[in-house]
Structures are given as C-alpha cells and as structure tokens.
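# Architecture and fold: a report
So the chains spell out like this:
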Amino acid sequence: MKKVVKFGGSSLASAEQFKKVADIIHADKERKYVVPSAPGKRFDGDTKVTDMLYECYHLAEAGKDFKKELADIEARYQEIIDGLKLELSLKDEFKIIAKNFKEKSGENYAASRGEYLNGIIMAAYLGYEFVDAAEVIRFDDNGEFDPEVTNRILSERLAGMECAVIPGFYGAYADGRVKTFSRGGSDITGSIVARAVKADVYENWTDVSGFLIADPKVIENPEVIENITYRELRELSYMGAGVLHEDAIFPVRKEGIPINIRNTNKPKDAGTWIVESTCQKSKYVITGIAGKKGFCSVNIEKAMMNSEIGFGRKVLQAFEDNGISFEHVPSGIDTMTVFVHQDEFIDKEQKVVSAIHRLADPDSIDIEADLALIAVVGRGMKSTRGTAGRIFSALAHANINIKMIDQGSSELNIIVGVANEDFEDAIKAIYDIFVMVQI
C-alpha cells in the first residue's frame with residue numbers, strides 16, 4: 001500500500017511539532033509521500049510564515065528595506081532546524097530569496113517560499129528525497145491548474161522514488177514562473193500527489209480530529225463525522241465548512257482514493273473518512289451543518305410567470321450581464337427569488353433591477369438584505385421521512401423566521417435562508433434537533 005500524508009501549518013509550526021509529524025510518518029511504513037505546509041502559528045497571537053512572507057515582499061515591492069523582516073523569517077526556520085539538531089543551512093536559499101524579492105518576482109513566488117523551505121527541512125529530517133513542486137505541478141498560460149500535464153510529469157518523477165517530500169500550495173507555469181493555489185492549497189497538492197502515485201489513502205493531518213458536524217465557533221464540542229461522501233463534503237465545504245480545501249476533492253475523487261482527516265496532536269483518533277460512496281449509515285440523519293452570512297434576495301413577481309417561456313432565463317441574464325453569480329433560485333407559480341452575495345450585488349443593484357424590468361417586465365421587484373444561508377447535508381435524509389418538517393419545527397421553536405427553503409433533487413441537502421442575526425441560533429436549533437436528542 002501507498003499513503004500520501006499532508007500536514008498543515010499548525011502541525012509544522014515548531015520543532016516539537018516536526019517531531020510529532022516524524023513519529024506519525026515512521027509509525028507506518030506505507031506513509032511514503034509527504035506534503036508539508038508552511039509553518040503556522042506556534043501560539044495565540046503568533047504570525048504564520050506565509051503572512052510574514054507577504055509582508056516582507058510588499059516592503060520589497062515598494063522599494064523599502066526588508067532585511068529585518070526577512071531575517072525574522074530566517075530565524076523562524078533556524079529555530080526549527082536547531083530544535084531538530086539538523087546539520088542544515090538555508091543561508092544560500094535566503095540569499096536567492098532576497099535577490100528575487102529585490103527583482104520583484106511576484107507575490108506568488110514570495111508566498112510559495114514558506115512551503116518550499118519547510119519541504120527542504122522535512123526532507124532532511126526524514127531522510128526522504130526533496131521534489132520542488134515548481135518542477136512537477138503545472139499551470140497553463142491562463143493561470144489555471146493543468147491536471148493532466150501535472151499528472152504525467154509528477155507520475156514520471158515519483159516513479160523511481162520510494163519516499164519523497166513535495167511542498168504544498170504551489171506549482172509553476174511552463175516557463176518556470178511560480179504560481180500558487182488559493183490559501184489552503186496544500187490540501188490540493190496532497191490530492192494531486194495521491195492521484196499521481198495511485199495512493200491507497202490520502203491522509204490529511206491537521207489540528208482537529210476529523211470533520212465536525214458543525215462549526216465549533218457556533219456549537220460547543222460538536223460531534224465528529226465518522227464517514228462522509230465526496231458529494232456531502234463538497235456541499236459543506238462550499239457553504240463554508242473548514243478543515244479541507246474544497247478543490248482538494250476532485251483529483252482523488254477521479255481515482256476513487258479515500259481521504260482520512262487526522263489530528264497530528266491526537267494521532268490515535270480515527271478521524272473522518274471521506275469516500276466516494278459507502279453502505280455505512282450515518283450516526284445521525286444529517287451528516288453536517290454549514291452556512292454563510294452576507295446574502296440578499298431579489299424577489300421578482302409576475303402574474304402567470306410560470307406559463308411565460310424563457311422568463312427565468314431573462315431574469316438570470318440581468319445578473320449575468322452585470323457579472324454577478326447567484327447561489328439559489330427558489331420559485332413559485334408567480335414568484336421567483338434569486339439569492340446573491342450582498343457584497344457583489346450592492347454596488348450594482350439598481351443596474352440589475354433596471355435590467356430585469358427591461359428584459360422580463362415583472363410586476364414588482366423587492367430586495368431583502370442581511371440574510372444567511374444554512375446547508376443541512378446528509379445522505380441519510382433521503383431515506384428518512386420528515387427531515388424538512390423537523391427543521392421547520394426546530395426553527396419555529398427557536399422563534400426564527402425562515403426566509404427560504406430549497407431542497408436539491410438528490411435529497412442530499414436542504415438549504416435554509418434566515419436573517420443574519422438568527423444565523424447562530426438557527427444552527428444551534430438544527431444541531432439540537434438532529435444530534436443532541438440522540439445523545
């Protein structure tokens with residue numbers, strides 16, 4: 001068997017954390033390919049190395065002196081090297097970084113150095129081969145990740161390597177210019193490597209013991225999800241649930257490789273398994289709850305709307321023409337509501353309203369702001385009667401007014417709209433009705 005293991009920034013923030021990671025890797029000989037993030041926060045109030053690199057580069061870009069800031073970053077790495085008692089020097093690497101910063105090599109290059117340097121340390125500590133992600137992960141001329149070219153290059157490169165360290169978060173264009181994924185992109189790198197080596201498992205090690213049913217900032221000590229499908233995770237990630245970058249699902253999903261979310265500080269915890277499909281029933285009817293604030297609804301009314309061919313297309317064209325994407329479009333016989341991100345919409349609202357009048361000739365348009373959307377997700381909902389009714393009941397009992405409810409045809413999720421101010425109370429009410437009543 002082959003396992004790809006990715007470790008997050010909190011797992012690699014200090015020498016002590018590095019030692020925990022090494023113990024985890026050495027505890028299982030199948031953990032052959034390691035994807036490290038940049039060092040995260042060592043304690044509350046500390047600064048992530050990636051943020052330090054951004055700050056340092058911005059000084060360089062502005063033509064200001066950045067020696068102290070770069071020295072502070074070098075000191076962070078030296079602290080790790082000394083703590084691990086490694087005979088390793090990064091001085092030459094920092095000379096190259098300083099030169100490239102002066103030459104304004106770009107934010108992408110600057111941000112990528114956190115993972116690059118941590119990868120060098122990790123490879124030296126483990127005795128593994130180091131593979132620079134810029135040499136094996138390819139972006140096309142438009143800055144989009146190129147999965148097939150990457151898979152070919154990476155597969156060939158790793159074919160002759162028993163064990164290797166590949167830094168997360170970045171790759172490069174064909175000409176060698178460094179390009180990063182969005183923040184949290186080391187998750188994606190781990191998934192890409194898992195696909196390339198045809199891994200049996202992709203282990204994603206972080207600072208929590210798996211994927212939680214709800215946000216711990218809203219629910220105190222929420223239950224851990226034992227098993228979740230790619231589709232369920234995609235729904236929850238899209239609605240703001242953390243732990244794993246949502247784009248990390250696609251490379252492994254294509255190959256049917258399961259993901260195991262684990263806790264570096266509690267390595268004996270089983271964590272969460274993310275799989276393509278499973279016959280294992282969820283512990284609860286729902287798998288998870290996630291949501292976001294900051295939406296507004298555009299409510300369009302027109303008599304006999306349902307019999308007018310092309311009405312919905314005309315309405316949505318008004319949003320498209322103004323560069324605004326929509327989240328949900330629940331509708332009735334004579335009504336249609338479009339939910340959009342408020343910050344995208346607010347500066348263009350009157351243009352959109354005018355366009356809707358011009359294109360669709362509605363009877364009236366009403367806009368409501370400061371709304372939140374909550375996704376209740378679970379494969380168990382399909383075979384359980386009364387799930388929507390229990391949500392209605394829980395929210396009514398908590399005196400929360402429902403602005404919208406929308407259920408997908410797959411019966412995998414139910415989206416509920418509430419006022420921003422009711423967001424936390426709504427999640428608590430839904431969690432209580434589906435989870436707490438069964439504990």
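Above this note sits the structure.
This report concerns the structure included in the present document.

Rules of the game
Position labels on residues start from 1 in each chain and follow its written sequence. Local features are withheld for residues below a pLDDT of 70 in this predicted model, meaning they are given only at 70 or higher, and side-chain atom pairs are given and counted only at 80 or more; totals for whole chains, interfaces and linings count all residues. Excluded from the side-chain calculations are hydrogens and water; all other atoms, namely the structure's heavy atoms, are used. Among buried residues, those of type Ala, Val, Leu, Ile, Met, Phe, Trp, Tyr and Cys that are joined through side-chain atoms within 4.5 Å constitute a nonpolar core. Categorising residues by exposure relies on relative accessible area from a 1.4 Å probe, with only protein chains included: less than 20% of the type maximum marks a residue as buried, more than 50% marks it as exposed, and the intermediate range marks it as partly exposed. We count a stretch as a helix when DSSP gives it H or I for four or more residues in a row; a strand needs E for two or more, and each element gets its number in order from the N terminus. We call two residues in contact when some of their heavy atoms are within 4.5 Å. To count toward a patch, a residue needs a relative accessible area above 30% and no salt bridge. Like charges then connect within 9 Å, nonpolar side chains (Val, Leu, Ile, Met, Phe, Trp, Tyr) within 5 Å. Per-residue and other accessible areas were derived by the Shrake-Rupley procedure at a 1.4 Å probe size, with only the shown protein chains allowed to occlude residues. Here, a salt bridge means any side-chain nitrogen of Lys or Arg that lies within 4 Å of a carboxyl oxygen of Asp or Glu. Only four residue types enter the tally: Lys and Arg on the positive side, Asp and Glu on the negative side, with His and both chain ends excluded. Positions of charges follow a simple convention, taking NZ of Lys, CZ of Arg, CG of Asp or CD of Glu. When we speak of the arc, we mean the arc of directions from the helix axis to the C-beta atoms. Counting of polar contacts relies on pairs of N or O atoms within 3.5 Å, with two restrictions inside protein: one atom must be capable of donating a hydrogen and the other of accepting it, and residues adjacent in sequence are counted only when both atoms are side-chain atoms. The rule for pairing is simple: two strands pair if DSSP sees at least two bridges between them. Axis lines are fitted through C-alpha atoms, for helices just across the contact stretch, and the angle between N-to-C directions can take any value from 0 to 180 degrees.

## Focus: the nonpolar core
Val4, Phe7, Val34, Ile73, Phe101 and Leu158 are the most contacted members of the largest nonpolar core, which has 122 residues in total. Sorting elements by how many residues they give to this core places helix 5 (residues 107–126) first, with nine residues. Residues contacting isoleucine 73, with those up to four places away along its chain left out, are Val49, Met52, Leu53, Cys56 and Phe94. Formed by 17 residues, the second largest nonpolar core is a distinct cluster that contains Met305, Phe311, Val315 and Val338.

## Considering a negative patch on the surface
A cluster of acidic side chains, namely Glu301, Asp334, Asp361, Asp363 and Asp366, defines a negative patch on the protein surface. Along the chain, glutamate 301 falls in strand 11 (residues 288–301).

## Considerations on helix 14 (residues 387–397)
Because an α-helix packs 3.6 residues into every turn, residues spaced three or four apart end up facing the same way. Within helix 14 the residues assigned to the buried category are Thr387, Ile391, Ala394 and Leu395. For helix 14, the buried positions fall inside an angular range of 95° around the axis, keeping them on one side. Residues Ala396 and His397 are exposed on helix 14 and point more than 90 degrees away from its buried face. Each element contacted by the buried residues of helix 14 is listed here: strand 14 (364–377), strand 16 (413–419) and helix 15 (423–434). Remark: asparagine 399 follows helix 14 within two positions and exhibits a positive phi of approximately 60°.

## So, the side chain of asparagine 263
Tracing the sequence through the fold places asparagine 263 in strand 9 (residues 259–263). Classification of asparagine 263 by relative accessible area gives buried; the value is 5%. Polar side-chain contacts of asparagine 263 include one of 3.1 Å to the side chain of serine 209. What asparagine 263 contacts, discounting residues up to four positions off in sequence, is Trp205, Thr206, Asp207, Val208 and Ser209.

## Examining the sheet that holds strand 13 (residues 335–341)
Strand order in the open sheet formed by six strands is 12-13-11-14-16-15, with antiparallel pairing between adjacent strands. The open sheet has two free edges, formed respectively by strand 12 (326–328) and strand 15 (404–407), since each of these has just one partner strand. Between one strand and the next, the sheet's axes are offset by a mean angle of 40°, whatever the strand orientation. Where strand 14 meets strand 16, seven bridges bridge the pair, whose relative direction is antiparallel. Residue pairing in the sheet places valine 376 in a bridge with isoleucine 414 of strand 16. Against the sheet, helix 13 (residues 349–360) makes contact with strand 11 and strand 14, and its axis sits at roughly 105° relative to strand 14, the strand it touches most.

In short, geometric facts, not functional conclusions.
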